[in-house]
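Structure at a glance
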Amino acid sequence: YHSVELDKMGRKKYIEFLVHHPLQFIELQLRKTAIYFSLIRPTGFWGYLNRRPIDQIITIGASAIWTGILLLAGLAGGIWMLITRKDFMPRLFLAFALLQPVAVIPIIVGSRYRYPLFPFLAILAACLIIQLSPVFRRRTSENGRGLILWTFTFLLICTLYDFCYNFGEIIQRLNKFL
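Residues numbered from 1 in each chain as written. Predicted model: local features only at pLDDT ≥ 70, side-chain atom pairs only at ≥ 80, totals over all residues. Heavy atoms only, no water.

1. Quick notes on the state of the cysteines
- Scanning the model with the defined rule gives 0 disulfides in all.
- This cysteine, Cys164, is not joined by any disulfide, and Cys158 carries the nearest cysteine sulfur, 13 Å off. (Disulfide = S-S within 2.5 Å.)

2. Considering a nonpolar patch on the surface
- Residues Tyr14, Ile15, Leu18 and Val19 make up a contiguous nonpolar surface patch of about 330 Å² in total accessible area.
- Using a relative accessible area of 32% as the deciding quantity, one classes Tyr14 as partly exposed. (Patch = residues over 30% accessible without salt bridge, like charges linked within 9 Å, V, L, I, M, F, W, Y side chains within 5 Å. Areas by Shrake-Rupley, 256 points an atom, 1.4 Å probe, with all protein chains shown as cover. Salt bridge = Lys/Arg side-chain N within 4 Å of Asp/Glu carboxyl O. Buried < 20%, exposed > 50% of the residue type's maximum accessible area, 1.4 Å probe, protein only.)

3. So, the packing of aromatic side chains
- All told, the structure shown has 8 aromatic pairs when counted by the stated rule.
- Ring plane angle 75° and centroid distance 4.9 Å describe the contact between Tyr36 and Phe37, whose orientation is recorded as edge-to-face. Accessibility assignment for this pair places Tyr36 and Phe37 in one class, buried.
- Ring plane angle 70° and centroid distance 5.8 Å describe the contact between Tyr115 and Phe118, whose orientation is recorded as edge-to-face.
- We classify Phe118 as buried; its relative accessible area is 17%. (Phe/Tyr/Trp six-rings, centres within 6.5 Å; stacked < 30°, edge-to-face > 60°.)

4. Observations concerning the side chain of Asn166
- For Asn166, the location among the structural elements is in the loop between α6 (142-165) and α7 (167-175).
- In this structure Asn166 comes out as buried when scored by relative accessible area, which is 12%.
- In this structure the side chain of Asn166 is engaged in a polar contact, spanning 2.6 Å, whose partner is the side chain of Asp162.
- Setting aside anything within four residues of it in sequence, one finds Asn166 in contact with Ile35 and Arg41. (Helix = DSSP H or I, 4+ residues; strand = E, 2+ residues; numbered from the N terminus. Polar contact = N/O pair within 3.5 Å; in protein donor to acceptor, adjacent residues only side chain to side chain. Contact = heavy atoms within 4.5 Å.)

As far as function goes, none of this settles anything; it's purely spatial.
Take a look at the structure:
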């Protein structure tokens, strides 16, 4: 088949699945969303590091730490911005940030597909840090701490769901290092 024909067939099958199996479709989208935001999906499983297991473990560990920080602070910063900023430009920025996962999750999910969201998360994390920092404000907000806790809870739920649903795949990857 030609790629144009495959694209048309894929869209047709997608719509058929959506119409004929709406509950399965919703469950699949929830599962893919959990995978997208899961903290146990670091990058670093690169082929050129296969012969250097220590380097790969360090890369995966660093990726996991910084991805976790970026997801937590960036998502909390986005929610903070949504709550506190009512003007057009921040809302437009949030809309562009939201477009990335909305465009990716229905089609395919993997940790590498989060990369286009990372610059948005970095900016949103910086905004959150500025808002919560006593250097920039007279007092820190209890709402900010609660927001971080709720964001962490969301990420933890996504991670636990991903872990439970994909346990076999995770163990298989971990066995490469044991």
